[in-house]
Amino acid sequence: MSDVELVLRSAKVVTPDGTHPASVLVADGRIVAVAPYGSPAPDGARVEDFGDDVLLPGLVDTHVHVNDPGRTAWEGFASATRAAAAGGVTTLVDMPLNSVPPTTTVRALEAKRAVARRSAHVDIGFWGGAVPGNVADLRPLHDAGVLGFKAFLLPSGVDEFPHLAPDQLETALREIAGFGGLLIVHAEDPQLIDGAPAPVGPRYADFLASRPRAAENEAIAGLIALARGLDARIHVLHLSSADALPLIAAARREGVRVTVETCPHFLTLTAEEVPDGATEFKCCPPIREAANQDALWAGLAAGEIDCVVSDHSPCTADLKVDDFGRAWGGISSLQLGLPAVWTAARRRGHTLHDVARWMSTGPAALVGLDRKGAIEAGRDADFAVLAPDETFTVDRTALHHRNQVTAYAGRTLYGVVRSTWLRGRKIADHGAPTEPTGRLLERPSRP
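Residues numbered from 1 in each chain as written. Predicted model: local features only at pLDDT ≥ 70, side-chain atom pairs only at ≥ 80, totals over all residues. Heavy atoms only, no water.

Caption draft 1: Quick look at the packing of helix α11 (residues 337-347) against helix α12 (residues 352-366). Running from N to C, α11 and α12 point in directions that differ by 135°, and their axes come no closer than 10 Å. Of the possible angle classes, the one that applies to α11 and α12 is oblique. Of the two elements, α11 crosses α12, and the hand of that crossing is right-handed. When α11 is examined against α12, the residues Gly337, Leu338, Val341, Trp342 and Ala345 are found in contact with a partner set consisting of Leu352, Val355, Trp358 and Met359. (Axes fitted to C-alpha atoms, helices over the stretch in contact; angles between N-to-C directions. Helix = DSSP H or I, 4+ residues; strand = E, 2+ residues; numbered from the N terminus. Parallel < 35°, antiparallel > 145°, perpendicular 65-115°, else oblique. Left-handed = near helix turned anticlockwise from the far one by under 90°. Contact = heavy atoms within 4.5 Å.)

This is how it looks when you write it as structure tokens:
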């Protein structure tokens, strides 16, 4: 233990075995041991004692639209990773669309990496994209280190990232399955969406009717059937409809390799409370009714949902016009996911051990980042220090997002992030990020 540089102590350390008093010993950016709280510190080690503040594993957010390069007026790696660090997120995975060019070729991936490495406050991984005409690019992207591939089953909202028709989806998934990759899917059925009433005007009820649960359920059923036939691995993005959970659970029992995520806004916001014209609440699929939210929480409690990630999808304020049919769809929440989920979780009787499993361990496992996601020996020394019983009111001007538009403005949330640590270095202190020290991550190679 002579090489231990840092000891972090807390009366409440969240580990895979539970939450208990402990000392976490760090050397060269890694956790080397989790020892009893009162253990003597090795000679020369610096000691930080957080008292009753909780030491959590740093959050891993695998669903972030950074939009850089090309749409940096919407967000960017500098602003997104500052927000992540301030919110206890130590690793994020960037979505392949909304940047220009999208990450659908190795050349585009390298362009994105060149921008990201200059200003990364947290560690960053990358998704590739599966779009019409790029099947030949999928294996090279995989070999270049992307963590998987995103596809849409209906228009994505940006012309440079078109959706896959059914035959194109099957071709892409067959290719991805051939090299053991992961396909992540925005699952809404285009025909059912086209057959629903078009969203026009400021009424949220009209927008909700335009994205029925059946569209999610049908799309997920089709994906499961395709994955079953190809023995492929698929992941359902941003699940909104709890009706689909029995389909997914049944498929897993049959051995289909399907995982699923949901998002803080689906767990904390309800359709009944969205004011007309408040398009900061618009996202696709949509925020649904309170009864549906209850069923999502039941799915989390039962282990039917694998992880909770932000789907941070920002835009400039002018795109959030008060017409739900024309406004950009996306919730900005990268900095607020941990307190938002904790506020709702504690009310429902869940613990921070549960939150760590949903927001750190689960996402890390999804993308195979086995050095992330837990406080145990051998993992990276990534931590969030949380005061769980303290509250704050969301002030949009205090957010590090490039555009301070968020559905959480004015809400009082539990859980103040005191500090965030990346590989044993403090990267944010009371909401103020330090100098960028994040690294770019690649898909771990397997023997």
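Caption draft 2: Up close: the nonpolar core. Residues Leu56, Phe149, Leu183, Val355 and Trp358 are the most contacted members of the largest nonpolar core, which totals 100 residues. Counting residues per element, this core draws most heavily on helix α7 (residues 213-230), which supplies seven residues. Ranked by size, the runner-up nonpolar core spans 20 residues in total, among them Val131, Leu147, Phe152 and Leu182. (Core = buried A, V, L, I, M, F, W, Y, C linked by side-chain atoms within 4.5 Å. Buried < 20%, exposed > 50% of the residue type's maximum accessible area, 1.4 Å probe, protein only.)

Caption draft 3: The arrangement of the sheet that holds strand β11 (residues 182-186) in detail. Read across the open sheet, the six strands follow the order β9-β10-β11-β12-β13-β14; overall the sheet is parallel. The open sheet terminates on both sides in strands that have one partner only, identified here as β9 (128-129) and β14 (307-308). (Pairing = 2+ DSSP bridges.)

Caption draft 4: View of the side chain of Lys372. Position of Lys372 among the secondary structure elements: in the loop between α12 and β15 (383-393). Of the residues examined, Lys372 reaches a relative accessible area of 4% and is grouped as buried. A polar atom in the side chain of Lys372 sits 2.6 Å from the side chain of Asp123. Each residue touching Lys372, except ones within four places of it in the same chain, is listed here: Val60, Thr91, Asp123, Ala364, Arg379, Asp380, Asp382, Leu422, Arg423 and Leu441. (Polar contact = N/O pair within 3.5 Å; in protein donor to acceptor, adjacent residues only side chain to side chain.)

Caption draft 5: Representation of the packing of α7 against helix α8 (residues 245-253). Relative orientation of the contacting elements α7 and α8 amounts to 10°, with a least axis distance of 10 Å. Of the possible angle classes, the one that applies to α7 and α8 is roughly parallel. Seen from α7, the contacting residues are Asn217, Ile220, Ala221 and Ile224; seen from α8, they are Leu247, Ile248 and Ala251.

Caption draft 6: Inspection of empty space enclosed by the protein at higher detail. Under the definition given, this model contains two cavities of 30 Å³ or more. Of the residues forming the lining of the largest cavity, the biggest block, three residues, is contributed by strand β6 (residues 59-64). For the lining of the largest cavity, the residue count by class is nine nonpolar, three polar and one charged. Forming the boundary of the second largest cavity are Glu280, Ser313, Pro314, Cys315, Lys320, Gly330, Ser332, Val405, Thr406 and Ala407. Residues that form the lining of the second largest cavity fall into these classes: four nonpolar, four polar and two charged. (1 Å grid on protein atoms, 1.4 Å probe; cavity = no way out; pocket = protein on both sides within 12 Å on 5 of 7 lines; lining within 4 Å. Points joined across faces, edges and corners; volume = space filled by probe spheres on them. Nonpolar A, V, L, I, M, F, W, Y, C, P; charged D, E, K, R; others polar.)

Caption draft 7: Highlighting the packing of aromatic side chains. All chains considered together, the criterion is met by nine aromatic pairs. Where Tyr204 meets Phe324, the ring centres are 5.3 Å apart and the plane angle is 70°; that geometry is what we call edge-to-face. Of this pair, Tyr204 sits in helix α6 (residues 204-210) while Phe324 sits in the loop between β14 and α11, and the two are 120 residues apart along the sequence. Ring pairing ties together the aromatic residues Tyr204, Phe207 and Phe324, which thus form one cluster. In this arrangement the basic side chain of Arg71 is found over the ring face of Trp74, its NZ or CZ atom lying 5.3 Å from the centre. Lying across the ring of Tyr414, Arg346 places its NZ or CZ 3.8 Å from the centre. (Phe/Tyr/Trp six-rings, centres within 6.5 Å; stacked < 30°, edge-to-face > 60°. Lys NZ or Arg CZ within 6 Å of the ring centre and 35° of its normal.)

Caption draft 8: The sheet that holds strand β7 (residues 89-94), seen in detail. Reading across from one edge, β6-β7-β8 is the order of the three strands in this open sheet, with parallel pairing throughout. Looking at the sheet topology across the chains shown, the edges are occupied by β6 and β8 (123-126). For this sheet the average axis-to-axis angle between neighbouring strands, irrespective of direction, equals 20°. Sheet analysis places β7 next to β8, joined by four bridges and oriented parallel. Along β8, the bridge assignment pairs Leu92 with Ile124. Packed onto the sheet, helix α1 (residues 77-86) meets β7 and β8 and runs at close to 140° relative to β7. Strands β7 and β8 of the sheet are contacted by helix α2 (residues 106-116), whose axis makes an angle of about 170° with β8.

Caption draft 9: Inspection of the layout of surface pockets at higher detail. Of the voids in this model, the largest pocket is the one considered here, and its volume is about 620 Å³. Contributing elements (two or more residues each) for the lining of the largest pocket: β10 (149-152), α5 (190-195) and α6. The residue inventory of the lining of the largest pocket, partitioned by class, reads 16 nonpolar, 13 polar and five charged.

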